[in-house]
There are 2 protein chains.
Amino acid sequence: MQDTIPHWLSKQADISPNCAAIQYANGYQITFQELKEQSQMYAKKLATWGVKEGSHVAVLSTNKQAMITAIHAISYLKAVVVLLNTRLTNEELTYQIKDADASFLIYADELKVKAVQIPCLNKAVFEEIDNYHEHADIVLTTEIQLNTPFSIMYTSGTTGSPKGVIHTYGNHWWSAIGSALNLGIHSDDKWLAALPIFHVSGLSILIRSVVYGMSVYLLEKFDKTSVQKAIMHEGVTIVSVVTVMLQQLLEELGTDRYPTSLRCVLLGGGPAPRPLLEQAKEMNVPVFQSFGMTETASQIVTLSAGDALQKVGSAGKPLFPAQLMIKDPDHSGVGEICVKGPMVTSGYYKKREATNKAIQGGWLATGDLGYLDDEGFLYVVERRHDLIISGGENIYPSEIESALAGHPAIKEVGVTGISDTKWGEVPIAFIVTKYRLTLQEIMSYLDEHVASYKQPKEVYEVDALPRNASNKLVRSHLKQIRGKEGCKQLR
Amino acid sequence: MQDTIPHWLSKQADISPNCAAIQYANGYQITFQELKEQSQMYAKKLATWGVKEGSHVAVLSTNKQAMITAIHAISYLKAVVVLLNTRLTNEELTYQIKDADASFLIYADELKVKAVQIPCLNKAVFEEIDNYHEHADIVLTTEIQLNTPFSIMYTSGTTGSPKGVIHTYGNHWWSAIGSALNLGIHSDDKWLAALPIFHVSGLSILIRSVVYGMSVYLLEKFDKTSVQKAIMHEGVTIVSVVTVMLQQLLEELGTDRYPTSLRCVLLGGGPAPRPLLEQAKEMNVPVFQSFGMTETASQIVTLSAGDALQKVGSAGKPLFPAQLMIKDPDHSGVGEICVKGPMVTSGYYKKREATNKAIQGGWLATGDLGYLDDEGFLYVVERRHDLIISGGENIYPSEIESALAGHPAIKEVGVTGISDTKWGEVPIAFIVTKYRLTLQEIMSYLDEHVASYKQPKEVYEVDALPRNASNKLVRSHLKQIRGKEGCKQLR
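Note that the structure is a prediction, hence the values are computed from the model and not measured. (Residues numbered from 1 in each chain as written. Chains lettered and ligands numbered in written order. Predicted model: local features only at pLDDT ≥ 70, side-chain atom pairs only at ≥ 80, totals over all residues. Heavy atoms only, no water.)

S.K.: Provide a residue-level description of the packing of helix α2 (residues 32–49) of chain A against helix α3 (residues 65–76) of chain A, including the pertinent values.
M.R.: All names here are of chain A. Across the interface, α2 lies against α3 with an axial gap of 8 Å and an inter-helix angle of 65°. The angle between α2 and α3 places the two elements in the roughly perpendicular class. Relative to α3, α2 is oriented so that their crossing is right-handed. Two secondary-structure elements touch here, α2 through L35, K36, Q38, S39, Q40, Y42, A43 and L46 and α3 through Q65, I68, T69, A70, H72, A73, I74 and Y76. Of the residues contributing to the contact of α2 with α3, the split by class is nine nonpolar, six polar and one charged. (Axes fitted to C-alpha atoms, helices over the stretch in contact; angles between N-to-C directions. Helix = DSSP H or I, 4+ residues; strand = E, 2+ residues; numbered from the N terminus. Parallel < 35°, antiparallel > 145°, perpendicular 65-115°, else oblique. Left-handed = near helix turned anticlockwise from the far one by under 90°. Contact = heavy atoms within 4.5 Å. Nonpolar A, V, L, I, M, F, W, Y, C, P; charged D, E, K, R; others polar.)

S.K.: Outline the environment of B:Q33, listing residues and values.
M.R.: Relative to the helices and strands, B:Q33 is located in helix α2 (residues 32–49). Excluding residues within four positions of it along the chain, B:Q33 makes contact with B:A13 and B:P17.

S.K.: If you had to explain the pairing of strand β11 (residues 190–193) of chain B to someone new, which residues and values would you point to?
M.R.: Residue and element names in this part refer to chain B. Residues K190 and L192 of β11 are buried on one face, and the alternating residues W191 and A193, pointing to the opposite face, are buried as well. Examined bridge by bridge, β11 and strand β12 (residues 215–218) share four bridges and lie parallel to one another. Counted as the bridge partner of K190 is S215 from β12. For the crossover that starts at β11, traverses helix α8 (residues 200–212) and ends in the parallel β12, the hand is right-handed. Two elements, β11 and strand β13 (residues 238–242), share two bridges in a ladder whose sense is parallel. In the strand pairing of β13, W191 is matched with I238. (Buried < 20%, exposed > 50% of the residue type's maximum accessible area, 1.4 Å probe, protein only. Pairing = 2+ DSSP bridges. Right-handed = clockwise from strand over helix to strand, strands pointing away.)

S.K.: Please provide a residue-by-residue account of the packing of aromatic side chains, values included.
M.R.: The geometry of an aromatic ring pair comes down to the distance between the two centres and the angle between the two planes. Within this structure, the stated rule accounts for 19 aromatic pairs over all chains. Between the aromatic rings of A:Y371 and A:Y379, the centroid separation amounts to 5.3 Å while the plane-to-plane angle is 10°, which identifies the pairing as stacked. Their ring planes at 15° and their centres at 5.0 Å tell us that B:F430 and B:Y460 sit as a pair that is stacked. Placement of the pair is B:F430 in strand β27 (residues 424–433) and B:Y460 in strand β28 (residues 458–461), with a sequence separation of 30 residues. If you follow A:K163 out to its NZ or CZ, it ends over the ring of A:Y348, 5.1 Å from the centre. (Phe/Tyr/Trp six-rings, centres within 6.5 Å; stacked < 30°, edge-to-face > 60°. Lys NZ or Arg CZ within 6 Å of the ring centre and 35° of its normal.)

S.K.: Which residues make up the pairing of strand β13 (residues 238–242) of chain A, and what values do they have?
M.R.: All names here are of chain A. Most of β13 is tucked away, with five of its five residues classed as buried. Here β13 shows no split at all, with I238, S240 and V242 on one side and V239 and V241 on the other all buried. Where β13 lies against strand β14 (residues 264–268), five bridges are found, and the strand directions are parallel. Within β14, the position partnered with S240 by the bridge is L266.

S.K.: Account for the relation of the copies chain A and chain B, naming residues and giving values.
M.R.: Note: a rotation about an axis with an accompanying shift along it relates these two copies of the chain. The two copies are related by a screw operation: chain A maps onto chain B through 180° of rotation and 0.0 Å of translation along the axis, at an RMSD of 0.1 Å. Such values leave the two copies arranged in the relation of a two-fold axis. Among all C-alpha atoms of chain A, that of A:I185 lies closest to the rotation axis, at 2.4 Å. Both copies present the same face, since 100% of the interface residues in chain A are matched by interface residues at the equivalent positions in chain B. (Least-squares fit on C-alpha atoms with pLDDT ≥ 70 in both.)

S.K.: Which residues make up the interface of chain A and chain B, and what values go with them?
M.R.: Each partner contributes residues to the interface: chain A has 34 residues there, and chain B has 34 residues. Between chain A and chain B, a total of about 3,100 Å² is buried, with carbon and sulfur atoms accounting for 60% of that surface. Remark: the boundary between chain A and chain B carries four salt bridges. Two residues, B:E143 and A:K340, come together in a salt bridge whose shortest N-O distance is 2.9 Å. Applying the counting criterion to the chain A and chain B interface returns 13 residue pairs in polar contact (both at pLDDT 80 or more). Contributing elements (two or more residues each) for the side of chain A that touches chain B: β1 (4–6), α1 (8–15), α7 (169–183), α8 (200–212) and β17 (317–318) of chain A. When grouped by side-chain class, the residues that make up the side of chain A that touches chain B number 21 nonpolar, six polar and seven charged. (Buried area = accessible area lost by both parts, 1.4 Å probe. Salt bridge = Lys/Arg side-chain N within 4 Å of Asp/Glu carboxyl O. Polar contact = N/O pair within 3.5 Å; in protein donor to acceptor, adjacent residues only side chain to side chain.)

S.K.: How would you explain the sheet that holds strand β7 (residues 122–125) of chain B if you had to name every residue and give the values?
M.R.: In sheet architecture, strand pairing relies on hydrogen bonds along the backbone and comes in two forms, parallel and antiparallel. Residue and element names in this part refer to chain B. With mixed pairing, seven strands are arranged side by side in an open sheet as β7-β6-β4-β5-β9-β10-β20. Two strands in the sheet have a free side with no partner beyond their single neighbour: β7 and β20 (347–348). Where strand β10 (residues 163–168) lies against β20, two bridges are found, and the strand directions are antiparallel. Residue pairing in the sheet places I166 in a bridge with G347 of β20. In the packing of helix α7 (residues 169–183) onto the sheet, contacts are made with β9 (149–155) and β10, and the angle to β10 comes to roughly 70°.

S.K.: Could you give me a rundown of the nonpolar core, with the residues and numbers involved?
M.R.: One recurring pattern in soluble globular proteins: nonpolar side chains tend to sit buried together. Core analysis: the largest hydrophobic core is formed by 261 residues, its most contacted members being A:W173 and B:W173. Once residues lying within four places of it in the same chain are set aside, the contact partners of B:W173 are A:W174, A:I177, A:L181, A:F320, B:I5, B:W8, B:L146 and B:V211. (Core = buried A, V, L, I, M, F, W, Y, C linked by side-chain atoms within 4.5 Å.)

S.K.: Which residues make up the side chain of B:K45, and what are the values?
M.R.: Residues and elements named next belong to chain B. Mapped onto the fold, K45 is located in helix α2. Buried charge without a partner: K45 forms no salt bridge, and the closest opposite charge is D130, 4.2 Å away. Side-chain polar atoms of K45 contact the backbone oxygen of D130, separated by 3.0 Å. If sequence neighbours within four positions are ignored, K45 has contacts with I129, D130, Y132, H133 and E134. (Lys, Arg positive; Asp, Glu negative; His and termini not counted.)

S.K.: How would you sum up the domain arrangement of chain A? Please name residues and give values.
M.R.: Residues and elements named next belong to chain A. With domains assigned, chain A is organised as domain 1 (4–12 + 28–145), domain 2 (169–385) and domain 3 (388–489). Relative to domain 3, the C-alpha centre of domain 2 lies at a distance of 30 Å. Listed by partner, the interface residues are 11 residues for domain 2 and 11 residues for domain 3. Put simply, domain 2 and domain 3 have zero salt bridges between them. Remark: the boundary between domain 2 and domain 3 carries one residue pair in polar contact (both at pLDDT 80 or more). At three residues, helix α10 (residues 243–253) tops the list of elements feeding residues into the side of domain 2 that touches domain 3. Of the residues in the side of domain 2 that touches domain 3, the class split is three nonpolar, six polar and two charged. (Domains from an automatic or database assignment.)

Set out below in structure tokens:
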């Protein structure tokens, strides 16, 4: 059975033409009907530019209307959008565009300096496309085949290069439905999005919007004052945040209280410190912890309204269409968290081996460790593969290590995360050098190869790295050599 | 992509174990956890009886807990439930059980007299199964494959014998999701079901219950006093009705008003008279007209809350996952209503030809005529194939005609519907006899072959039936010969 539904934006424009799809802090808003018309017109111009069914179109942009229009337009052509993280280096972006076989790149004007340096067959600023005439003969799709790809976004991992996670329409659809069955659907819902759309956490809010007929209050980026203002005065009912944002919001809130219309603060991007959750509870902020990753098209395990207060610290239960299993639990019940469900990606683009390794019999091995309590609530105890989550962004030590190892003077390198009051965690690096190297040389090398948010906040020069009997790096021991003899702090 | 989700009842029992799944007028209620446990235990007993994966198990019952438990139990064994209309004659039931290849029949004790006369390999009253031990080795399914069959229920048509509509889990799932995206999901929702579970209108409420985690207030059958009482005092938020029920409810309500917690009166089972809808509007009763049939797993076109008042008389727009098309519209835009979507049946059991005729390229030709207004709202103007809808039950003239034509004394017969203040419509029959026949003979013959609600309320003996040039019966002219010379009223 190949499931076919009407194109979700066209459908919502038909059902709720005059309902606000996206609302901005400056008062501008766009209805579903307008969003559909804009996107369809943009699609016809993209077609004139050469985009067609099956094209891979990279988009480099912060949260803005032109980006949203482009994402829907690409879908109307049955092309696939490749969403790029704007904070990546040129080298990282070049890799992704090439790996994703993207022959088109559209970008926000403010990112021109970056975009011009990235090789891609066809490049244009969003507005340039507007100068094209509308392709007269192009027929836009009126339907969606749920098992066809909608988007590709990159994620790193323990080993190897970043991998392009393919999300089908079905993955996004089921994710939206799973969330609806957990949170309910209220006609006055308004979801605040301050997370980047190039991440699945942001993109998924846009999909929910067209599926539910729900308004999104969109911020170009997170800032606590704007978010607090929107919650207080703009009828926001749900907001998605990562830990560092929640911290700042609670600070900003102080002794004040959010209106009761705010019914859910959906917390993703890694486990949150328990005291923060307790503090939120005391301040009557309805935090719903969740667990998810790019491969699961956003949250796949989430606390529900009824459980949020009693189960502080838990990520909740798998969403209705999803299943959860703890693989090879130890004596205390802790094992690898595995998940299954129609929102789970069918795989990585052109990476069959990595796909087969990660997903077996429909079960995705997340690499994260956790356990279930007697009532089946998930507690995440350790994150995948030494993953560092810094301000909601995933940083894989292996990625920084392989970047640094590329420097001719660096012989060995180990990266790990340490806790940080502002970002939750930050990466730190330990290097063994072949010949003398200044900090400045290291950092300017990193600037070329690694996005700044991934760069180690501390850098140590050591004689040797902690290794086990098989000569494998033991990352968990890295922290302990700080301050020891022979460990020289460069940064 | 074969979509797999956890078994819906097990999943809901995990998410909302203590929430009432079903609530009865006598105060008895059963939680999702209890419903799961009962159903699983019953499944293991059914397995001992011999039911296994792929078995077709017929169920003959009015709305009661044992029926619901049995339906879920059958699903836990990956068997398929065949739902029988309790009002059918033995002959009709025998046909359906045989056609559906049902080798098991479970029935309510009160229907014993009927059940013992129906041939089936294995038969048992609900309670008899309880005497079996639980099959120790049976493994109940923990998952649902959406493209596998869940239920079969029969529908008649213009020609030929009744056909078994196969509903997959996916058909029911998508129907439930489509309804949720239209009506929203509120945590305090309680759906009153007074429609029979053996019809898709009743069964679909049970499925929504396990998918949303919503309580159902179940009545064994419709009676206006009980329904009004439940709406007034039991926190019912949604109620499904057919026209005749709505009429009675408005009468019962009189100058009183329903509480505002009642947010939707979902009206199905054929178009309603405009004055009734206007009356409901005046009485602040939130009627949402809808359009659907067994083949669409209940409503597929429904008015939404926002449109209910402005679009009185319209059946609304297709639910989110569905599409609608008017085929071969005439100059006034009226044509055959065709629908498409993942809730539409994949076909009739063992009737490939009928399936291919009804469903082409995913589009189901409903046989009903209708048009769309400029805003895309559906208005149904004429019902399929002279279909008579009497108190929410479908009656096909051809079915009554072929029953009567079986009588040796009857040469020709024509059946049509006339409006009726109580039932909306009732069938009337016109016969040409070979030899003399009393009314009593006709009626006792009908008693054997046709359920009583389908029996003609008026019977006329005529010399000839109105026929067109091709000698085809013109049913629309039947009514006009009443009272004419040579038309003798027997009943």
